[in-house]
Amino acid sequence: MQFGGDRALWLRVTAIGDWPAYDGWVWLIGYVINPADGHASAKREVLAQIAGLQISPPSSIPSPALARTARRRGV
């Protein structure tokens, strides 16, 4: 609700937080992306409802500087 419509938040997720959250919610850590130029503007920690998240294909962010990076957490 807070980030719906023209207030949509593009977030390049770098990690998922380990903090407690409500059932069906998750803490996301990442950088706010300006969809007009693809540049990161600020680091944010966001509590988000999983059902409301939308995955954007990499081609929708118009910057070659944002190459996909695969990262894995230790087991």
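Data block above holds the structure.
Summary of the structure given here. Everything quoted here is computed from the prediction, not taken from an experiment.

## Description of the sheet that holds strand 1 (residues 11-16)
Here's step 1: Strand order in the open sheet formed by three strands is 1-2-3, and the pairing between neighbours is antiparallel. Two strands close off the open sheet at either side, each with one partner strand: strand 1 and strand 3 (40-49). In this sheet, adjacent strand axes meet at a mean angle of 30° when their direction is disregarded.
Here's step 2: In this sheet, strand 2 (residues 25-33) lies alongside strand 1 in antiparallel orientation, the contact comprising five bridges. Residue pairing in the sheet places Val13 in a bridge with Gly30 of strand 2.

## Some thoughts on the pairing of strand 2
Here's step 1: Where strand 2 and strand 3 come together, nine bridges link them in antiparallel fashion. Its bridge partner lying in strand 3, Ile33 is registered against Ala40.
Here's step 2: Between the antiparallel neighbours strand 2 and strand 3 lie six residues, among them Gly38 with a positive phi of about 80°.

## Looking at the packing of aromatic side chains
Here's step 1: Within the structure shown, the criterion is met by one aromatic pair.
Here's step 2: When the ring of Trp19 is compared with that of Trp27, the centres are 5.7 Å apart and the planes differ by 85°; the resulting orientation is edge-to-face.
Here's step 3: The class of Trp19 is partly exposed, set by a relative accessible area of 40%.
Here's step 4: Owing to a relative accessible area of 24%, Trp27 belongs among the partly exposed residues under this scheme.

About the thresholds
- Residues numbered from 1 in each chain as written.
- Predicted model: local features only at pLDDT ≥ 70, side-chain atom pairs only at ≥ 80, totals over all residues.
- Heavy atoms only, no water.
- Pairing = 2+ DSSP bridges.
- Helix = DSSP H or I, 4+ residues; strand = E, 2+ residues; numbered from the N terminus.
- Axes fitted to C-alpha atoms, helices over the stretch in contact; angles between N-to-C directions.
- Phe/Tyr/Trp six-rings, centres within 6.5 Å; stacked < 30°, edge-to-face > 60°.
- Buried < 20%, exposed > 50% of the residue type's maximum accessible area, 1.4 Å probe, protein only.

Just distances and angles here, no functional claims.
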